[in-house]
Amino acid sequence: MGFQKVAVILVASFYIAHGAQILGLFPFPGKSHMIVNSALMKELARRGHQVTVMSFFPESQPIPNLTDIYLGKMEYKAHSIPGNMFDLGEMSPFAIANMLFQMGVSMTDTALQSEGAVKLINSEDHHFDLVIMEAFFNEAFLGYAHKFNASIVQLCLSGGTHWMGDWVGNPNVYSFVPDIFLGYGDKMTFWERLVNTVVGTYWRMGRAYYYLPKQDAVMKKHFKALQTLPHLSDLERSTSLILLNNHFSLSAPRPLLPSMVQVGGLHVKPPNKLPQDLQKFLDEATEGAIYFSMGSNLQSSHMSEPMKRNFLHVFSKLKQRVLWKFEEDTLPGQPKNVKLGKWLPQSDILAHPNIRLFITHGGLLSTQEATSRGIPVIGIPIYADQKLNILRVAAAGYGVLLEFNNITEESLSTTIREVIKPRYRENAQRLSRIYRDQPLSPLDQAVFWTEYVIRHKGAPHLRSAALDLAWYQYFLLDVIVVLAVATGIPLFILFLILRKMFRLGCSRYQRLNNKKKSQ
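The notes below deal with the structure included here. (Residues numbered from 1 in each chain as written. Predicted model: local features only at pLDDT ≥ 70, side-chain atom pairs only at ≥ 80, totals over all residues. Heavy atoms only, no water.)

**Quick notes on the nonpolar core**
In terms of nonpolar packing, the biggest core is built from 58 residues, with Met54, Leu112, Tyr144 and Trp203 touching the most fellow members. Broken down by element, the residue count for this core peaks at nine residues, all from helix H3 (residues 93–111). Ignoring sequence-local partners within four residues, the contact set of tyrosine 144 consists of Leu23, Leu25, Met54, Leu112, Ala117, Leu120, Ile121 and Phe223. Residues Val51, Leu130, Val263 and Ala446 belong to the second largest nonpolar core, which totals 33 residues. (Core = buried A, V, L, I, M, F, W, Y, C linked by side-chain atoms within 4.5 Å. Buried < 20%, exposed > 50% of the residue type's maximum accessible area, 1.4 Å probe, protein only. Helix = DSSP H or I, 4+ residues; strand = E, 2+ residues; numbered from the N terminus. Contact = heavy atoms within 4.5 Å.)

Structure (structure tokens):
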């Protein structure tokens, strides 16, 4: 037995010493997105793999085994996203779909023109065993996977959309798996199920017949030197693994194939020491503290002046201290119990024992951090999956949803007084225990399955047979037709026999009746 243990250690050491060549593709200029992407890539580098990361956010300090390819600077406004992100809350799911389709094509085309991207496309001395790509409207980057003949792992920073299931043959169940842009729970009414089906179908059809051909054209434009370049839909369906930044304790159970793995909260780490000024501010909060942040894309400084005043007036009357992520140096009317910061270490702040409440936009990363730390939540959702996340928090009893358009001094003050009650904290800590009760940490889980794909050369045994079925076979329409015919023909024959017998009976009765009348 001792010899076997030594052999396992030697093999593991050999594997680590000869790590895989991994290419990470993260062409979305969103800082919050890169927090998750970077956590996985840095851990793979730490475990001995040679990691190359293409993104808009190169590491500030050199990291062993990790090489950055910088994509340059990109402005959101140039790619159909509103300058004020709060305007997204007024858009319908269909308008959001169209916006994201336009943004994805424009942004991907621009990113592939950057010097680093072009150099890698034309390189002849690189080899990669695996491509890890953020699944977020950047499909043309799959051309790199074809160029290097590499296995594909897609990292989704949400719980996953219905169309992502199509990549690996996972079932899409509209009856209890809501579209992330609708904000429905898993227990939907008839009307919600109808809307969910319509919106989900719109996304999938619009993506397949409008958006994906445009991304395919972008890929063929930039990877034109490659011969026999397949269609993007075929490249997508060669995906070996989808890592979902979600967990059933934070959402709801849903059917998932082995090739779809939940690793929600992989970016959450043990807390680091806070900067001295923040540590002092929170340590001296004898009545507790509230942390307020609308995330990295939404900016509190873009709120209307009346809205800012509502928050300031309410905060000034609290006995708790308030730490507010605010993107400007000053805020007129700022009370003494409020401290501002342009960028704050959110996860570390939420781990401070004096934090009593988190006021958030309800982004998935923020929700996961609050759940992991056991902090009650007031959610002010604006767009995307934020409302869905907060509805789940409210259903679990550790938070309340507050509509942005309904915020007044009275509603905000009332909601804060409610959620600061002990029962919300007790529920938050209960959910935290459930979430953290996992055999592996989310990051270890993500690394294990990534290395699993590498070890098994793309893990083709995870591929679902559903990918090889025509749509009518997948939905058993051919079987239904055969069963209908097999059942219908005997019933039709029986119907003809009975009709014939009925007519004969009627005819005989008519003759007898006529005979009686003539006598």
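Resuming the write-up.
**A look at the packing of aromatic side chains**
All told, the structure shown has 28 aromatic pairs when counted by the stated rule. Summarising the aromatic geometry, the rings of phenylalanine 137 and tryptophan 203 are spaced 6.4 Å apart at their centres and angled 45° between planes, so their arrangement reads as tilted. One end of the pair, phenylalanine 137, is in the loop between strand E4 (130–134) and helix H5 (143–147); the other, tryptophan 203, is in helix H7 (residues 190–222), with 66 residues separating them in the sequence. Classification of phenylalanine 137 as buried rests on a relative accessible area of 6%. Both rings, one in tyrosine 291 and one in phenylalanine 358, keep their centres 5.4 Å apart while their planes meet at 20°; by these two values the pair is stacked. Of the two residues, tyrosine 291 is situated in strand E8 (residues 289–293) and phenylalanine 358 in strand E11 (residues 355–360); the sequence distance between them amounts to 67 residues. (Phe/Tyr/Trp six-rings, centres within 6.5 Å; stacked < 30°, edge-to-face > 60°.)

**Section: the packing of helix H10 (residues 305–316) against helix H14 (residues 409–419)**
It is at 9 Å that the axes of H10 and H14 come closest, and there the two elements cross at 45°. What the angle tells us is that H10 and H14 run oblique. In this structure, H10 meets H14 at a crossing whose hand is right-handed. Here Asn310, Phe311, His313, Val314 and Phe315 of H10 come into contact with H14, specifically with Glu409, Leu412, Ser413 and Ile416. Considered class by class, the residues forming the contact of H10 with H14 number five nonpolar, three polar and one charged. (Axes fitted to C-alpha atoms, helices over the stretch in contact; angles between N-to-C directions. Parallel < 35°, antiparallel > 145°, perpendicular 65-115°, else oblique. Left-handed = near helix turned anticlockwise from the far one by under 90°. Nonpolar A, V, L, I, M, F, W, Y, C, P; charged D, E, K, R; others polar.)

**A word on empty space enclosed by the protein**
Applying the stated criterion across every chain yields a total of five cavities of 30 Å³ or more. Around the largest cavity sit 18 residues that line it, and Asn246, Ser251, Arg254, Leu388 and Arg392 are the ones nearest its centre. When residues of the lining of the largest cavity are assigned to their parent elements, the largest contribution, three residues, is made by helix H13 (residues 386–395). Counted by class, the lining of the largest cavity contains eight nonpolar, six polar and four charged residues. Estimated volume of the second largest cavity: approximately 40 Å³. (1 Å grid on protein atoms, 1.4 Å probe; cavity = no way out; pocket = protein on both sides within 12 Å on 5 of 7 lines; lining within 4 Å. Points joined across faces, edges and corners; volume = space filled by probe spheres on them.)

**Looking at unusual backbone geometry**
Although it is not a glycine, phenylalanine 137 sits at a positive phi angle of roughly 55°. Despite not being glycine, lysine 457 has its phi angle at roughly 55°, a positive value. Lysine 457 gets classed as exposed once you look at its relative accessible area, which sits at 72%.

**What about the pairing of strand E1 (residues 21–26)?**
Consecutive side chains along a regular strand alternate between the two faces of the sheet. Among the six residues in E1, five count as buried, and that is most of the element. Inspection of the sheet shows E1 paired to strand E2 (residues 50–55) by six bridges, in the parallel sense. Bridging across to E2, glutamine 21 finds its partner in glutamine 50. Inspection of the sheet shows E1 paired to E4 by four bridges, in the parallel sense. Bridged to isoleucine 22 within E4 is leucine 130. (Pairing = 2+ DSSP bridges.)

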